[in-house]
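# Chain and residue survey
This is what each chain is made of:
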Amino acid sequence: MAKIIRKVIFLALIAFVAVILYVYDATEIPTEDVLLTNEIGQSQVTQCITQTTKAPLDRHGKLDITTWNLYKQQSDGWEQTLTQLIERTDLLLLQEAQLTQELKSVLEEQQLYMLLARAFNFSSEAVGVMNLSRDKALSSCVFRKAEPYINFPKSMLVSYYLLSDASQLLVVNIHSINFTFGIDEYLAQLSVVKQAMQDHQGPIIFAGDMNTWSEQRSMAIAELVKGAGLIEAVPKHDSRTAFFGHHLDHIYYRNLELIKAESIITTSSDHNPLKAYFRLEKQYPDKLQSLK
């Protein structure tokens with residue numbers, strides 16, 4: 001019996017090593033930060049874009065935001081879940097989105113505008129955080145941070161969207177680095193977020209898979225959002241994915257009115273989507289003038 005157990009363990013180790021070698025062999029880590037859109041292909045290298053749009057992100061003052069780690073579309077049923085989220089969301093923030101032909105087909109069918117911050121390529125397909133909306137962002141930039149030990153980068157999008165009250169919404173879609181001892185590298189990735197939020201005078205959404213699986217990481221995020229005047233949108237019935245008793249996915253906001261938040265249970269990823277329903281705050285003439 002002991003020999004059988006040892007043999008099973010040995011075969012399992014071989015299989016594990018084979019998977020790791022396959023992943024590394026199939027992965028290409030670009031040297032430059034690359035932002036992809038429906039109009040910009042992988043052959044073009046650009047970190048930031050600026051665009052012109054007259055269409056506001058919100059619908060007459062209503063603004064629904066969803067964040068979801070798509071788990072590189074590895075689980076069955078992701079297309080149905082994604083389509084359902086698209087139908088009920090003004091801005092969908094994805095992490096671990098892999099630009100497969102199947103995902104491209106969903107985006108084309110739904111006529112969505114895409115922003116993808118490429119972290120790396122897997123099997124020649126870009127993987128990273130992705131923003132999906134009906135209209136273009138005014139501007140957007142991609143930033144990456146490599147995991148200290150495995151060297152696979154995580155990406156982040158910092159984008160600005162036009163709202164119907166003429167203000168601009170700053171949206172940060174982040175997939176935080178995971179494999180660290182201590183939080184120095186974690187804080188280094190957040191430094192870009194901190195600067196962007198300090199410089200912005202209007203409403204803010206800060207959301208994504210923040211990998212807040214420890215008390216230290218949770219405290220780092222809490223300190224960051226407190227300094228920027230952000231509030232967390234917490235579901236009443238909270239089914240967000242958790243690790244070591246800490247929720248990983250978050251939506252923080254500022255200068256918006258929260259109607260409600262909900263977490264949606266699904267088997268089509270290892271993360272449950274998190275959604276928040278907002279209304280734009282009423283703007284008074286002096287406040288509107290300060291935003292121009």
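Above this text you will find the structure in question.
Residues numbered from 1 in each chain as written. Predicted model: local features only at pLDDT ≥ 70, side-chain atom pairs only at ≥ 80, totals over all residues. Heavy atoms only, no water.

### Remarks on the overall build of the chain
Secondary structure summary: the chain contains six helices and 17 strands in total. Partitioning the intrachain contacts of the chain with sequence separation of at least 6 by distance along the chain shows that 70% fall at a separation of at least 24. About 14,700 Å² of surface is accessible on the chain, with carbon and sulfur atoms providing 55% of the total. (Helix = DSSP H or I, 4+ residues; strand = E, 2+ residues; numbered from the N terminus. Contact = heavy atoms within 4.5 Å. Areas by Shrake-Rupley, 256 points an atom, 1.4 Å probe, with all protein chains shown as cover.)

### Digging into the environment of Q95
With respect to the helices and strands, the residue Q95 is situated in strand β5 (residues 91-98). Overall, Q95 belongs to the buried group, its relative accessible area being 0%. Spatially, the C-alpha atom of Q95 lies 6.1 Å from that of H175, the residues being 80 residues apart in sequence. Residues contacting Q95, with those up to four places away along its chain left out, are T67, W68, N69, L70, Y71, G128, V129, N173, I174, H175, G208 and D209. (Buried < 20%, exposed > 50% of the residue type's maximum accessible area, 1.4 Å probe, protein only.)

### Quick look at the packing of helix α2 (residues 78-87) against helix α3 (residues 101-110)
Where α2 meets α3, the axes come as close as 11 Å, and the angle between the chain directions of the two elements is 30°. It follows that α2 is roughly parallel to α3 by the angle criterion. For α2 against α3, the interelement crossing comes out right-handed. Residue-level inspection shows W78, E79, L82, T83, I86 and E87 of α2 in contact with α3, the latter providing E102, L103, V106 and Q110. Class assignment of the residues belonging to the contact of α2 with α3 gives a composition of five nonpolar, two polar and three charged. (Axes fitted to C-alpha atoms, helices over the stretch in contact; angles between N-to-C directions. Parallel < 35°, antiparallel > 145°, perpendicular 65-115°, else oblique. Left-handed = near helix turned anticlockwise from the far one by under 90°. Nonpolar A, V, L, I, M, F, W, Y, C, P; charged D, E, K, R; others polar.)

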